[in-house]
Amino acid sequence: DARVTQTPRHKVTEMGQEVTMRCQPILGHNTVFWYRQTMMQGLELLAYFRNRAPLDDSGMPKDRFSAEMPDATLATLKIQPSEPRDSAVYFCASGSTGSSYNSPLHFGNGTRLTVT
Amino acid sequence: KQEVTQIPAALSVPEGENLVLNCSFTDSAIYNLQWFRQDPGKGLTSLLLIQSSQREQTSGRLNASLDKSSGRSTLYIAASQPGDSATYLCAVSSGGSNYKLTFGKGTLLTVNP
């Protein structure tokens, strides 16, 4: 049963430290998304890639966040330096998209980040 | 800017009841709409996807409808069970190759045995 894998599941770090979250999308999916979930804001889109190219990262604070897809099996989200307001659950999701078709999205189980 | 609203925010029902969850969106120019389920500490699981040209989709005890012109969707759950307890989220896609989902904040459903 194919699924999206995220690591780590939990991360506690001190303010100012660098945090890297990793995602392995489902093989064959051409689109990868990063979402952040908080109680106050719900799910917010941070960035997404299609065929490894970044399409939209307008939801990301550019000064501290960066997202990359070094290859088709790995997506990364990095925060440097981290701040307490970055505490949230970060989800990766993957799917197949084309000009006339979007498949349902598959989500990973998330990385719960706590910045103290 | 697309906004998605889900009502109610929380719902508690006895086992066996049929129930309806509501979702509304402000911009009717959508490509598709998805309903997701989220269990505590887990990611989202896609339940149903309705293309903009469709009116409804069914999967088992679940039926989702879409009225694009009025900006509304409903998720109907028949004969609810305690295992249906979860948060249900609605999300709309802005279109085709520009596959961006805007999520509602969800409805927390509790089905009491």
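Throughout what follows, the structure given in this document is the object of discussion. Values in this document were obtained by computation on a predicted structure and should not be read as measured data.

### A short note on the interface of chain B and chain A
No. 1: Across the contact, 22 residues belong to chain B and 27 residues belong to chain A.
No. 2: Together chain B and chain A conceal approximately 1800 Å² of surface at their shared face, both sides included; 51% is due to carbon and sulfur atoms.
No. 3: Inspection of the chain B/chain A interface yields zero salt bridges.
No. 4: At the boundary of chain B with chain A, the tally comes to five residue pairs in polar contact (both at pLDDT 80 or more).
No. 5: Here the residues of the side of chain B that touches chain A sort into eight nonpolar, 11 polar and three charged.

### Remarks on the sheet that holds strand β8 (residues 74-79) of chain A
Residue and element names in this part refer to chain A.
No. 1: Spatial strand order, β1-β3-β8-β7: four strands in an open sheet with antiparallel pairing. Two strands bound the open sheet, and with one partner strand each, they are β1 (5-7) and β7 (65-71). Within the sheet, the average angular offset between the axes of one strand and its neighbour, ignoring direction, is 20°.
No. 2: As paired strands, β1 and strand β3 (residues 19-24) are joined by three bridges and run antiparallel to one another. The residue of β3 that forms the bridge with Thr5 is Gln24.

### A short note on the state of the cysteines
Residue and element names in this part refer to chain B.
No. 1: All told, the structure shown has two disulfides over all chains when counted by the stated rule.
No. 2: Two residues share a disulfide in this structure: Cys23 and Cys90, whose sulfurs sit 2.0 Å from each other. Taking the sign of the torsion about the S-S bond as the criterion, the disulfide between Cys23 and Cys90, at about -55°, is left-handed. Here Cys90 lies in strand β9 (residues 86-93) and Cys23 lies in strand β3 (residues 19-25), a separation of 67 residues in the sequence.
No. 3: Look at Cys23 and you get buried, because its relative accessible area is 3%.

### Examining the pairing of β3 of chain B
All names here are of chain B.
No. 1: Side-chain alternation along β3 places Leu19, Leu21, Cys23 and Phe25 on a buried face and Val20, Asn22 and Ser24 on a face that remains uncovered.
No. 2: Two elements, strand β1 (residues 4-7) and β3, share four bridges in a ladder whose sense is antiparallel. By the bridge assignment for β3, Gln6 is matched with Cys23.
No. 3: Relative to strand β8 (residues 72-77), β3 runs antiparallel, the two being bridged by six bridges. Along β8, the bridge assignment pairs Leu21 with Leu75.

### Some thoughts on the packing of aromatic side chains
Here a ring pair, both rings aromatic, is described through the centre-centre distance and the interplanar angle of the planes.
No. 1: On inspection of all chains with the given rule, the structure shows eight aromatic pairs over all chains.
No. 2: With a centroid separation of 5.6 Å and an interplanar angle of 80°, the aromatic rings of Phe107 of chain A and Phe36 of chain B are classed as edge-to-face. Here Phe36 of chain B lies in strand β4 (residues 32-38) and Phe107 of chain A lies in strand β10 (residues 106-107), a pairing that spans two chains.
No. 3: We classify Phe107 of chain A as buried; its relative accessible area is 9%.
No. 4: A residue is classified by how much of its surface remains accessible, and Phe36 of chain B, at 0% relative accessible area, is buried.
No. 5: When the centroid spacing of 6.1 Å and the interplanar angle of 80° are considered together, the rings of Phe107 of chain A and Phe103 of chain B count as edge-to-face. Linking Phe107 of chain A in strand β10 with Phe103 of chain B in strand β10 (residues 101-103), this pair reaches from one chain into another.
No. 6: By relative accessible area, Phe103 of chain B is classed as buried at 9%.

### Some details on the layout of surface pockets
No. 1: Approximately 750 Å³ is the volume attributed to the largest pocket.
No. 2: Lining the largest pocket are 28 residues, and of these Leu43 of chain A together with Lys1, Gln2, Thr102 and Phe103 of chain B lie nearest its centre.
No. 3: For the lining of the largest pocket, the secondary-structure elements that each account for two or more residues are β4 (31-38) and β5 (42-50) of chain A together with β9 and β10 of chain B.
No. 4: If one sorts the elements of the lining of the largest pocket by residue count, β5 of chain A sits on top with six residues.
No. 5: Reported here for the second largest pocket is a volume of approximately 630 Å³.
No. 6: Around the second largest pocket sit 29 residues that line it, and Gln37, Thr38, Met39 and Arg112 of chain A together with Gln38 of chain B are the ones nearest its centre.

Thresholds, definitions, all that
- Counting restarts for each chain, with residues numbered from 1 along the sequence as it is written.
- The lettering of chains begins at A and the numbering of ligands begins at 1, in the order of writing.
- Reporting of local features is limited, given that this is a predicted model, to residues whose pLDDT is at least 70; pairs of side-chain atoms are given and counted only at 80 or more, and all residues count toward the totals for whole chains, interfaces and linings.
- Processing note: side-chain calculations cover all non-hydrogen atoms of the structure and skip hydrogens and water entirely.
- For this analysis, residues touch if any pair of their heavy atoms sits within 4.5 Å.
- Buried area counts how much accessible surface, traced with a 1.4 Å probe, disappears from two parts once they are put together, with both parts' losses summed.
- A pairing counts as a salt bridge when a side-chain nitrogen of Lys or Arg comes within 4 Å of a carboxyl oxygen of Asp or Glu.
- Here a polar contact means two N or O atoms within 3.5 Å. Within protein one must be a hydrogen donor candidate and the other an acceptor candidate, and residues neighboring in sequence count only if both atoms are side-chain atoms.
- By the convention adopted, Pro, Cys, Tyr, Trp, Phe, Met, Ile, Leu, Val and Ala count as nonpolar, Lys, Arg, Asp and Glu as charged, and the other residues, Gly among them, as polar.
- Only strands that DSSP links by at least two bridges are regarded as paired with each other.
- Numbering goes from the N terminus for both helices and strands, where a helix is a DSSP run of H or I of at least four residues and a strand is a run of E of at least two.
- Inter-axis angles, ranging from 0 to 180 degrees, are taken between N-to-C directions of lines fitted to C-alpha atoms, where helices are fitted over the stretch in contact.
- Any pair of cysteine sulfurs within 2.5 Å is marked as a disulfide.
- When a residue's accessible area, from a 1.4 Å probe over protein chains only, is under 20% of the maximum for its type it is buried; when over 50% it is exposed; and in between it is partly exposed.
- Aromatic pairing here means that ring centres of Phe, Tyr or Trp (its six-membered ring) are within 6.5 Å. Orientation follows from the plane angle: under 30 degrees is stacked, over 60 is edge-to-face, and everything else is tilted.
- The distinction between a cavity and a pocket rests on a 1 Å grid over the protein atoms alone: a 1.4 Å probe fits inside a cavity but cannot get out, while a pocket stays open yet meets protein on both sides within 12 Å along at least five of seven lines, and a residue with an atom within 4 Å of a point counts as lining.
- Grid points are joined across faces, edges and corners, and a volume is the space filled by probe spheres set on the points.

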